[in-house]
Amino acid sequence: MKNETVVLLDFGAQYNQLIARRVRECGVYCELLPYDTDIEKIKARSPKGIILTGGPYNAYEEDAPLPAKALFELGIPVLGICYGLQSMSQVLGGTIDRTEKREYGAQTITLEESPIFQGLTGETQCWMSHTNQVDVLPPGFQSIAHTATCPNAAVMDQNRKFYGVQFHPEVEHTPFGQKMLHHFLFQVCGVSGDWQMDSYAKRTIEELRKKMKGQKVLCALSGGVDSSVAAVLAHKAIGDNLTCIFVDHGLLRKNEGDEVEAIFKKQFAMNLIRVDCKQRFLDLLAGVTEPEKKRKLIGAEFIKVFEEEARKLGQCDILIQGTIYPDVIESGSKNAQVIKSHHNVGGLPDVMDFKEIVEPLRDLFKDEVRKLGLELGIPEFLVFRQPFPGPGLAVRIIGDITAEKIEILQNADAIFREELEKDGIAKEINQYFAVLTNMRSVGVMGDERTYDYTLALRAVTTSDFMTADWAKIPYPTLVKVSNRITNEVRHINRVVYDITQKPPATIEWE
């Protein structure tokens, strides 16, 4: 059964993925398509509604990207957001002009009675980011919200079910934004909210079963949430016809390799090949200090190991890939199909002979992948696994890589994560980890002088990982972490906490 669909037409909005996520949080499936997608392709999706995103353009300029006029003749409700409102107004006969006073950031707005502001009327806050605004409304439209300097902060043509807002309802700084989107979807578009993970899981497993029945299937399993969920979906569909290859390069967090193996071999009874190549990667990285070189060496060697193991298995027809929807969007793909040509797959080489690449998660955002993982019975600690760089601990060890340094960092990082869990604050932090710096300093333990490593702790809060604030971990927790690390982990005599935002820093150190 096909889900009800809302189409988002993208004009280059900074928050385009966030709009899509907000729609899906309402239980409504949506697709993000380029603004110039052919009308017939839009009609083929039978959308219940259309949303025009923001964008960095001036709708009144001659070469400005605009929606096709035919879009507004389909009889489908439309919501324009920021530039989406301006472009819709331009096409339908309104005028756009530069404002005397630009609006950026939090603004006071007054909402009037309308289908999208039901129960939300009155004065409240919203998030603005615009230089231009609608000066003269198109025929049939009326204003339904205003600020001190923007008389048409929200507009509607109720007869044709066209709505537009100059502010950004998708960001947290617009407190009524999610309710407004919900009203547009349910009150105006008439959706029922049939996008649910339990039904998605059942339908996808059945589709995979039909597609891959009787074929040999291979999956590169990293232990991360995307590849793990993709593997479990495939296994539930075809059972022993799936083989997973887990390349253990020795740069995982403490006990992580054993945990991955136990979950997939014991809990899910999968065919899992764990390739122990720790020494191989240590030898490869010996003396390498430059982070970008570490990344390239590890990535290339991972592919070599995977190739070697795949060849041992003989011909496999299908490769399972954990591509998710943001990957599809960021790649510039205009068509979210189930299968794509092999050369686009995660850096794996063309010489590997697969008939098809299957991507069962390519319609899902990361938070939806996590929900699906829980629905499939994957343990919560793995589903909510902390973001982890592809090269692993190699880029959390500053300088050269040795077996001793890996062990030091694994033990220290494990203590940090354990104490955050104990104190019940781990879920409040979006990413946290330890970094072994290459700096040594003088310390004292007992009556003896030490000259050992400084360990840095990093923890951030963020909604999109584009910007981040350092997490305000309570001092007692930091004290416990520091005391345990300096007492239990050899060769660390100093612990520091990174209180730098992103920007100017990045979340990872390398």
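Residues numbered from 1 in each chain as written. Predicted model: local features only at pLDDT ≥ 70, side-chain atom pairs only at ≥ 80, totals over all residues. Heavy atoms only, no water.

Trainee: Looking at this structure, how should I read the pattern of salt bridges?
Mentor: Pairing of side chains with opposite charge becomes possible as their charged atoms draw close. Counted according to the given criterion, the structure contains 38 salt bridges. For glutamate 31, the salt bridge is made with arginine 45, and the minimal N-O distance between the two is 3.1 Å. Taken together, the positions of glutamate 31 in strand E2 (residues 29-34) and arginine 45 in the loop between helix H2 (39-44) and strand E3 (49-52) put the pair 14 residues apart, joining distant regions of the chain. In this structure, lysine 312 and glutamate 309 form a salt bridge, with 3.0 Å as the shortest nitrogen-oxygen distance. Residue lysine 312 and its partner glutamate 309 are located together in helix H9 (residues 291-313), separated by three residues, close to a single helical turn. What makes lysine 312 exposed here is its relative accessible area of 62%. Glutamate 309 gets classed as buried once you look at its relative accessible area, which sits at 11%. (Salt bridge = Lys/Arg side-chain N within 4 Å of Asp/Glu carboxyl O. Helix = DSSP H or I, 4+ residues; strand = E, 2+ residues; numbered from the N terminus. Buried < 20%, exposed > 50% of the residue type's maximum accessible area, 1.4 Å probe, protein only.)

Trainee: Sorry, what's going on with the environment of isoleucine 398 here?
Mentor: For isoleucine 398, the position within the fold is in the loop between helix H12 (380-383) and helix H13 (403-422). For the pair isoleucine 398 and tryptophan 509, spaced 111 residues apart in the sequence, the C-alpha separation amounts to 8.3 Å. Those residues in contact with isoleucine 398, other than ones at most four positions away along the chain, are Lys405, Val435, Leu436, Thr437, Asn438, Trp509 and Glu510. (Contact = heavy atoms within 4.5 Å.)

Trainee: What is the right way to read the sheet that holds strand E11 (residues 242-248) from this model?
Mentor: Pairing between the strands of a sheet comes from backbone hydrogen bonds, and it takes one of two forms, parallel or antiparallel. With respect to topology, five strands assemble into an open sheet ordered E12-E11-E10-E13-E14, the strand pairing being parallel. Only two strands of the sheet have a single partner each, and these edge strands are strand E12 (271-276) and strand E14 (356-358). On average, each strand axis in the sheet is tilted by 25° relative to the strand beside it, whichever way the strands run. Across four bridges, strand E10 (residues 217-220) lies against E11 in parallel orientation. Bridge pairing in E11 places leucine 218 opposite threonine 243. Against the sheet, helix H5 (residues 197-212) touches E10, strand E13 (318-320) and E14, its axis set at about 170° to E14. Together, E10, E11 and E13 form the strand contacts of helix H6 (residues 225-238), whose direction differs from that of E11 by roughly 155°. (Pairing = 2+ DSSP bridges. Axes fitted to C-alpha atoms, helices over the stretch in contact; angles between N-to-C directions.)

Trainee: What should I look at first to understand the packing of aromatic side chains in this one?
Mentor: Geometrically, a pair of aromatic rings is defined through the distance of the ring centres and the angle of the planes. The tally for this structure, following the rule as stated, stands at 13 aromatic pairs. For the ring pair phenylalanine 117 and phenylalanine 176, a centre distance of 6.2 Å and an interplane angle of 80° mean the geometry is edge-to-face. Here phenylalanine 176 lies in the loop between strand E9 (162-165) and helix H4 (177-188) and phenylalanine 117 lies in the loop between strand E5 (95-111) and strand E6 (122-136), a separation of 59 residues in the sequence. Both residues of the pair, phenylalanine 117 and phenylalanine 176, belong to the buried class. Arranged with centres 6.4 Å apart and planes meeting at 75°, the rings of tyrosine 163 and phenylalanine 184 form a pair that is edge-to-face. Taken together, the positions of tyrosine 163 in strand E9 and phenylalanine 184 in helix H4 put the pair 21 residues apart, joining distant regions of the chain. Classification of tyrosine 163 as buried rests on a relative accessible area of 2%. A residue is classified by how much of its surface remains accessible, and phenylalanine 184, at 0% relative accessible area, is buried. Here the aromatic cluster, defined as three or more aromatic residues joined through ring pairs, consists of Phe11, Tyr35, Tyr57 and Tyr83. One Lys or Arg, arginine 253, reaches over the ring of phenylalanine 388 and ends 4.1 Å from the middle of that ring. The lysine or arginine in question, lysine 472, covers the ring of tryptophan 470, its NZ or CZ lying 4.3 Å from the ring centre. (Phe/Tyr/Trp six-rings, centres within 6.5 Å; stacked < 30°, edge-to-face > 60°. Lys NZ or Arg CZ within 6 Å of the ring centre and 35° of its normal.)

Trainee: I tried to follow unusual backbone geometry on my own but got confused; where do I start?
Mentor: Apart from glycine, the bulk of residues carry a negative phi angle, and the bulk of peptide bonds sit in the trans form. Along the chain, lysine 502 connects to proline 503 via a cis peptide bond; the corresponding omega equals -15°. Here proline 503 lies in the segment after strand E18 (492-497). Proline 503 connects to proline 504 through a cis peptide bond whose omega is 15°. Position of proline 504 among the secondary structure elements: in the segment after E18. The backbone of serine 46 shows a phi angle near 45°, a positive value even though the residue is not glycine. Among the structural elements, serine 46 can be located in the loop between H2 and E3. A relative accessible area of 52% places serine 46 in the exposed class. One non-glycine residue, asparagine 255, adopts positive backbone phi at about 65°. Among the secondary structure elements, asparagine 255 is positioned in the loop between E11 and helix H7 (256-267). A residue is classified by how much of its surface remains accessible, and asparagine 255, at 45% relative accessible area, is partly exposed.

Trainee: Looking at this structure, how should I read the pairing of E11?
Mentor: Looking along a regular strand, one sees the side chains alternate between the two faces of the sheet. Within E11, seven of the seven residues are buried, which leaves it mostly tucked inside the rest of the structure. Taking every second residue as pointing to the same face, both faces of E11 are buried, with Leu242, Cys244, Phe246 and Asp248 on one and Thr243, Ile245 and Val247 on the other. What joins E10 to E11 is H6, and the crossover it makes is right-handed. In terms of strand pairing, E11 meets E12 through six bridges, oriented parallel. (Right-handed = clockwise from strand over helix to strand, strands pointing away.)

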